[in-house]
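# Per-entry structural report
In case you want the letters, here they are:
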Amino acid sequence: MTELLLQALETERGGQKIYAAALKAVQNDDLRDEWQKYLEETRGHEEILTRVFEQLGLDLKTESPGRSVVAHQGAALVDAIEMAINDASPAAAELVAAECVVLAETKDHQNWELIGRVAGRGGASAKVLQQAYEAVEQQEDHHLYHTKGWARELWLQSLDIPAVLPPPEEQKDVETAIGAARAEKARKDYL
């Protein structure tokens, strides 16, 4: 459990850097607003995890090989966005940023799903973990499924295929994997 929490904390910290870089690349005003909101929520997620560490008596500074890998991956995603900003067209840089956010949010979403499962086992830490999970879980669903929709539609736009911007996931306010699949399937209704 400690390893999971260390990686979750590092993911939230890296996520803030990824969103800050992505906001430099964003072209679409709706996406900019979305990512600015996600950046603020990610800051809140770090605060929630900080309280979890305090309540469970864990050291925020503990290092682990997994935490180091997560930090490295986050830095690589920031580097990729910056590379795209410097070397690609603005539209291509925005697409790279969306893909990097999807990669980061996939890890983040999994962390919180696992935290929820650990809480569901019961035990001394269950109440603390459950409260944190319930505070964050819906936002994490939103971050992942909506950004996946943005990345897909930005790709379609780059391929000169009609795109739905903002994507159906935004318009349907998707919060679940099933909802995301339905929104993607219904995208033709928005063209």
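Refer to the structure above for everything that follows.
This one's a predicted model, so the numbers in the text were calculated from it and none came from an experiment.

Conventions and cut-offs
Residues numbered from 1 in each chain as written. Predicted model: local features only at pLDDT ≥ 70, side-chain atom pairs only at ≥ 80, totals over all residues. Heavy atoms only, no water. Helix = DSSP H or I, 4+ residues; strand = E, 2+ residues; numbered from the N terminus. Buried < 20%, exposed > 50% of the residue type's maximum accessible area, 1.4 Å probe, protein only. Polar contact = N/O pair within 3.5 Å; in protein donor to acceptor, adjacent residues only side chain to side chain. Contact = heavy atoms within 4.5 Å. Axes fitted to C-alpha atoms, helices over the stretch in contact; angles between N-to-C directions. Parallel < 35°, antiparallel > 145°, perpendicular 65-115°, else oblique. Left-handed = near helix turned anticlockwise from the far one by under 90°. Nonpolar A, V, L, I, M, F, W, Y, C, P; charged D, E, K, R; others polar. Core = buried A, V, L, I, M, F, W, Y, C linked by side-chain atoms within 4.5 Å. Salt bridge = Lys/Arg side-chain N within 4 Å of Asp/Glu carboxyl O.

By the secondary structure assignment, T147 is in helix α5 (residues 126–158). Using a relative accessible area of 0% as the deciding quantity, one classes T147 as buried. Engagement of the side chain of T147 in a polar contact is seen with the backbone oxygen of H143, the distance being 2.8 Å. Contact partners of T147, with chain neighbours within four places excluded, come to W35, Y38, A98, V101, V102 and H142.

Let's shift gears to the packing of helix α1 (residues 2–25) against helix α2 (residues 29–56). Here α1 crosses α2 at 160°, and the two axes come no closer than 9 Å. Of the possible angle classes, the one that applies to α1 and α2 is roughly antiparallel. Crossing of α1 over α2 shows left-handed handedness. For the contact of α1 with α2, the per-class residue count stands at 14 nonpolar, 6 polar and 5 charged.

A few words on the nonpolar core. Grouped together as the largest cluster of nonpolar side chains are 26 residues, with contacts concentrated most on I18, W35 and I81. Among the elements of the structure, α1, α2, α3 (65–87), α4 (90–120) and α5 are those that each provide at least two residues to this core. Of all the elements, α4 adds the most residues to this core, at 8 residues. Each residue touching I18, except ones within four places of it in the same chain, is listed here: G74, L77, V78, I81, C100, V101 and A104. By size, the runner-up hydrophobic cluster in this structure holds 17 residues, among which are L4, L49, F53 and I115.

Turning our eyes to something else, we now look at the pattern of salt bridges. In this structure the tally under the stated criterion is 9 salt bridges. R43 is paired through a salt bridge with E40; the nearest N and O atoms lie 2.4 Å apart. Of the two residues, R43 and E40 both sit in helix α2, 3 residues apart, roughly one turn of that helix. Given the relative accessible area of 42%, E40 is considered partly exposed. Taking the shortest distance from any N to any O, the salt bridge between R117 and E113 comes out at 3.7 Å. Of this pair, R117 and E113 both sit in helix α4, 4 residues apart, which is roughly one turn of that helix. Overall, R117 belongs to the exposed group, its relative accessible area being 58%.

Our focus in this paragraph is the packing of α2 against α5. At a minimum axis separation of 10 Å, α2 and α5 run at an interaxial angle of 155°. Taken as axis vectors, α2 and α5 run roughly antiparallel relative to one another. With respect to the hand of their crossing, α2 and α5 are arranged in left-handed fashion. Counted by class, the contact of α2 with α5 contains 13 nonpolar, 8 polar and 5 charged residues.

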